[in-house]
Amino acid sequence: MDQVSALDSIAAEASRGELAFPTSVSASLTLQRALGEPDCHIDAAARLVQAEPLLAARTVAIANSVAYNRSGNDVTNVRAAVQRVGFRTLGALATSVIVRQLASEIRDPGLRHKADQLWAHSAHVAALAQVIARRVSFVDPETALFAGIVHEVGGFYLLSRAEALPGLLDDNLDAWLDHGEAAIGRGVLHKLGVPAPVMDAIEALWVGMRALPPETLGDTLLLANDLAPLPSPLFAPPGATTHAAAATIDFVFGEGTLKGVLEESGEEVKSLTSALM
């Protein structure tokens, strides 16, 4: 099967919701839905999180990151961590576990390396998006964090299928843009129950148009993606902003500049990225 045919096949499956997820993802999706129930109380949420060791560790790490621990008092248990970060951030963290699990069964070292690099990129984008949302664009920071976590979920799904479909990752940008990125990405995002505003922001990322200074969630996500020090290891369109070029992006907003915000928030971004990793 050639690359275009393989992408078309996966895109058709995704559009029908027929996604081949690892078994661990199904369990995490159940957990995610339970955490999203309006009558889920903090004690119940803590018990659910404790049953998933990776999520438990990540929740405590996020709660102790500079972004959430402004007092400098570390929490040492899951319940306190859940109470500090809140249910919306917890939902984003549960989704981050699902995103990582999509590539959990990859055995090929080359694909594994790509998956690790893609998650490092996603973590940087999520941390930067939260800071830019809070300090520059003034959209909801937790939604921006979530958008950063899931913006490459179609790429993770693609990597999860690549071992079984040789040639799927052939370096054919046109095939990926025309037959893969949006169609596969939409299918996986729908399966994860991603809200419409986040879907719209990721669609804006695929189109690649933004305003500076950023005004919308889509603008925020695009700027964070450009500024991320680690690029996606998947297909990059010609003329895509390099990190060297992104480092020169600066603009005035209010009484500050983007460069000033990034310098002031450097430790926060580093701490949040590390916690997500």
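The name recorded for the protein in an unreviewed UniProt entry is HDOD domain-containing protein, from Massilia arenae.

Of the regular secondary structure elements, the protein holds 15 helices and two strands. Its C-alpha atoms give the protein a radius of gyration of 18 Å, near enough to 19 Å, the size a compact globule of 277 residues would have. If one aligns the C-alpha atoms of the protein with their principal axes, the spans along those axes are about 55 × 45 × 35 Å. Of the contacts made within the protein by residues no fewer than 6 positions apart, 72% connect residues no fewer than 24 positions apart. For the protein, the exposed surface amounts to about 12300 Å²; the carbon and sulfur share of it is 53%. One way to put it: in the protein the 20 positive side-chain charges average out to a point 7 Å from where the 32 negative ones average out.

So, on to the environment of Ile184. Residue placement: Ile184 occurs in helix H10 (residues 181-191). It is 8.2 Å that separates the C-alpha atoms of Ile184 and Leu7, two residues lying 177 residues apart in sequence.

Space inside the second largest pocket adds up to approximately 400 Å³. As for the second largest pocket, its lining consists of 18 residues, of which Arg88, Gly91, Ala92, Phe146 and Pro195 are closest to the centre. Only helix H2 (23-35), helix H5 (78-102), helix H7 (141-150) and helix H11 (196-207) provide two or more residues apiece to the lining of the second largest pocket. If one sorts the elements of the lining of the second largest pocket by residue count, H5 sits on top with six residues.

Moving on, we come to the pattern of salt bridges. What the rule picks out here adds up to seven salt bridges. Among the ionic pairs, Arg70 bridges to Glu268, the shortest N-O distance being 3.9 Å. Of this pair, Arg70 sits in the loop between helix H4 (53-63) and H5 while Glu268 sits in helix H15 (residues 266-276), placing them 198 residues apart in sequence. Among the residues examined, Glu268 registers a relative accessible area of 7% and is labelled buried. Across the pair Arg88 and Asp140 runs a salt bridge, and its minimum N-O distance is 2.5 Å. Of the two residues, Arg88 is situated in helix H5 and Asp140 in the loop between helix H6 (109-137) and H7; the sequence distance between them amounts to 52 residues. By sharing partners, the salt bridges in this structure join Arg70, Arg134 and Glu268 into a single network.

Glancing now at the side chain of Asp219. Its location among the elements puts Asp219 in helix H12 (residues 217-227). Under the relative-accessibility criterion, Asp219 is labelled buried at 8%. Reaching out from Asp219, the side chain makes a polar contact with the backbone nitrogen of Glu215 at a distance of 3.0 Å. When sequence neighbours within four positions are dropped, the list of residues in contact with Asp219 reads Met209, Arg210, Ala211 and Pro214.

A few words on the environment of Val49. Examined against the element boundaries, Val49 turns out to sit in helix H3 (residues 42-50). Residue classification places Val49 among the buried residues on the basis of a relative accessible area of 0%. Considering only alpha carbons, one finds Val49 and Glu263, 214 residues apart in sequence, at a separation of 34 Å. Setting aside its immediate chain neighbours within four residues, Val49 contacts Leu35, Leu55, Ala56, Thr59, Val78, Val82 and Leu90.

Moving on, we get to H3. Taken together, the buried positions of H3 are Ala45, Ala46 and Val49. End-on, the buried residues of H3 take up no more than an arc of 100°, which puts them together on one face. At its buried positions, H3 is contacted by H2, H4 and H5.

Attention now goes to the environment of Thr89. Locating Thr89 in the fold gives a position in helix H5. On the basis of relative accessibility, which here comes to 1%, the residue Thr89 falls in the buried class. Sequence separation between Thr89 and Phe146 is 57 residues; the distance between their C-alpha atoms is 7.7 Å. Leaving out residues up to four positions away in the same chain, Thr89 has contacts with Ile62, Tyr68, Glu142 and Leu145.

On to the packing of H6 against H12. Taken N-terminus to C-terminus, the directions of H6 and H12 make an angle of 130°; their axes are 8 Å apart at the nearest point. Put simply, H6 runs oblique to H12. Crossing hand, H6 versus H12: right-handed. Contact residues: H6 offers His121, Val125, Leu128, Ala129, Ile132, Ala133 and Ser137, while H12 offers Thr220, Leu221, Leu223, Ala224, Asn225 and Leu227. The class makeup of the residues in the contact of H6 with H12 is nine nonpolar, four polar and no charged.

What counts as what
Residues numbered from 1 in each chain as written. Predicted model: local features only at pLDDT ≥ 70, side-chain atom pairs only at ≥ 80, totals over all residues. Heavy atoms only, no water. Helix = DSSP H or I, 4+ residues; strand = E, 2+ residues; numbered from the N terminus. Rg over C-alpha atoms; globule rule 2.2 N^0.38 Å. Contact = heavy atoms within 4.5 Å. Areas by Shrake-Rupley, 256 points an atom, 1.4 Å probe, with all protein chains shown as cover. Lys, Arg positive; Asp, Glu negative; His and termini not counted. Charge placed at Lys NZ, Arg CZ, Asp CG, Glu CD. 1 Å grid on protein atoms, 1.4 Å probe; cavity = no way out; pocket = protein on both sides within 12 Å on 5 of 7 lines; lining within 4 Å. Points joined across faces, edges and corners; volume = space filled by probe spheres on them. Salt bridge = Lys/Arg side-chain N within 4 Å of Asp/Glu carboxyl O. Buried < 20%, exposed > 50% of the residue type's maximum accessible area, 1.4 Å probe, protein only. Polar contact = N/O pair within 3.5 Å; in protein donor to acceptor, adjacent residues only side chain to side chain. Arc of directions from axis to C-beta. Axes fitted to C-alpha atoms, helices over the stretch in contact; angles between N-to-C directions. Parallel < 35°, antiparallel > 145°, perpendicular 65-115°, else oblique. Left-handed = near helix turned anticlockwise from the far one by under 90°. Nonpolar A, V, L, I, M, F, W, Y, C, P; charged D, E, K, R; others polar.

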